[in-house]
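Secondary and tertiary structure notes
Listed below are the residues making up each chain.
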Amino acid sequence: MTDHDHASDRPQKRLDRKPRVTVTRHLAAAVETRMSDLFEANLNLTDEPMSRDAIVAAMQDCDVLVPTVTDRIDASVIEAAGPDLRLIANFGAGTEHLDLKAAAARKIIVTNTPGVFTDDTADLTMAGIIGVPRRVREGVELIRSGKWTGWAPTAMLGRKLGGKYLGILGMGRIGQAVAHRARAFGLEILYHNRKRLPEAVERMFGATWVESIDELVAQADILTLHCPATPETRGIIDARRIGLMKEGASLINTARGDLVDYEALIAALEAGHLAGAGLDVYPDEPNVDPRLIRHPNVMTLPHIGSATREGREDSGMKVIANIRMWADGHRPPDQVLTGLR
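Worth saying up front: this structure is predicted, and the values here are computed from it rather than measured. (Residues numbered from 1 in each chain as written. Predicted model: local features only at pLDDT ≥ 70, side-chain atom pairs only at ≥ 80, totals over all residues. Heavy atoms only, no water.)

1. Examining the environment of I55
The residue I55 is located in helix α3 (residues 52-58) in this model. Along the chain, I55 and T300 lie 245 residues apart, while their C-alpha atoms are 31 Å from each other. The contacts of I55, once residues within four sequence positions are left out, are T24, M50, L65, D71, I73 and V77. (Helix = DSSP H or I, 4+ residues; strand = E, 2+ residues; numbered from the N terminus. Contact = heavy atoms within 4.5 Å.)

2. A look at the UniProt feature "domain: D-isomer specific 2-hydroxyacid dehydrogenase NAD-binding" (unreviewed entry) in the protein chain
Following the UniProt record, the feature "domain: D-isomer specific 2-hydroxyacid dehydrogenase NAD-binding" (unreviewed entry) maps to residues 128-305 here. Along residues 128-305, the helical share is 34% and the strand share 17%, with 11 Å between the first and last C-alpha atoms. (UniProt positions renumbered as here; feature names shortened; annotations may be inferred.)

3. Description of the domain arrangement of the protein chain
The assigned domain composition of the protein chain is domain 1 (20-116 + 308-328) and domain 2 (117-300). Taken together, the contact pairs 11 residues of domain 1 with 6 residues of domain 2. Here domain 1 and domain 2 share an interface that buries about 690 Å² over both sides, 52% of which is from carbon and sulfur atoms. Interface area lost by domain 1 to domain 2 is led by E96, G115 and V116, which between them contribute 53%. The tally of links from domain 1 across to domain 2 stands at 1 salt bridge. The tally of links between domain 1 and domain 2 comes to 4 residue pairs in polar contact (both at pLDDT 80 or more). Taken together, the residues of the side of domain 1 that touches domain 2 break down into 3 nonpolar, 6 polar and 2 charged. (Domains from an automatic or database assignment. Buried area = accessible area lost by both parts, 1.4 Å probe. Salt bridge = Lys/Arg side-chain N within 4 Å of Asp/Glu carboxyl O. Polar contact = N/O pair within 3.5 Å; in protein donor to acceptor, adjacent residues only side chain to side chain. Nonpolar A, V, L, I, M, F, W, Y, C, P; charged D, E, K, R; others polar.)

4. A word on the packing of helix α2 (residues 29-38) against helix α14 (residues 309-327)
In the contact formed by α2 and α14, the axes pass within 9 Å of each other and the chain directions differ by 15 degrees. It follows from the interaxial angle that α2 and α14 lie roughly parallel. The handedness of the crossing between α2 and α14 is right-handed. Each of A30, V31, R34, M35 and L38 in α2 lies in contact with α14, whose residues at this interface are E313, G316, M317, V319, I320 and R324. Residues of the contact of α2 with α14, tallied by class, amount to 7 nonpolar, 1 polar and 3 charged. (Axes fitted to C-alpha atoms, helices over the stretch in contact; angles between N-to-C directions. Parallel < 35°, antiparallel > 145°, perpendicular 65-115°, else oblique. Left-handed = near helix turned anticlockwise from the far one by under 90°.)

In structure tokens form, the structure reads like this:
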């Protein structure tokens, strides 16, 4: 690590005034109230996403920026920041919308809120893991259409979960939480990760390591994605890998829309190669391809994996804790390491 990188990670001296904090989106009431008490807070009470120009203007006159995943804080935005901006306290765990190298070059510390949404996202993932094989979306539509004619021995037949293979791509916090839940439904857990988990952890989750992504995709009856969005993972589930999936398999994505080639996914769904999909994220949000919405066995959800009152409030309180530690001249507890050398 160079001296420059040491400097970018070094806490600043304690502020002798309230930090000036700009928040880009409307947060939970308890969080905003606490921020207003502790900081000189510039809040977004309308919840209209701030434009790029508005974010740049706000960064001219604040010490701390609190963005969310909907804000693209790239190198040019960071370069345009005022001299007092010393902390980007992100609301959420993901940092792919932030240029960490550019922040480090400006000696701006970046924090996030890891672990807060693990259980919430895992719970929603299970909704897809259960709901797609059991055709829950179709069942709801059938009732609402008024066309249901009653129980029949061969009507609305789905697929049972017990004994099926759940493939987990990305076995971090959320992937492990999904594995923990899925075992209770009798699913056999397969996983692939950048690094294999210790044997004791594998035993705890009843999980079997699969060496390659291709092998995982080919073995899974249900494939669920829990890897971060990086240049390496963009389109990681492409047409070739979707073609490797079993006939009648399902795909669940509550991670990031960019992980999947959605054109290839739609083609596989329309051809009947895949039985269905459970989707909470999309590559061009808030736009969702109408073909996904029309498909009878695709659960299309509006990016609500982390949308619980408790989780969103806890994430806001983590942001506050990071700002307070930084303002006191200490290293924030959730500082994101740039990895620069």
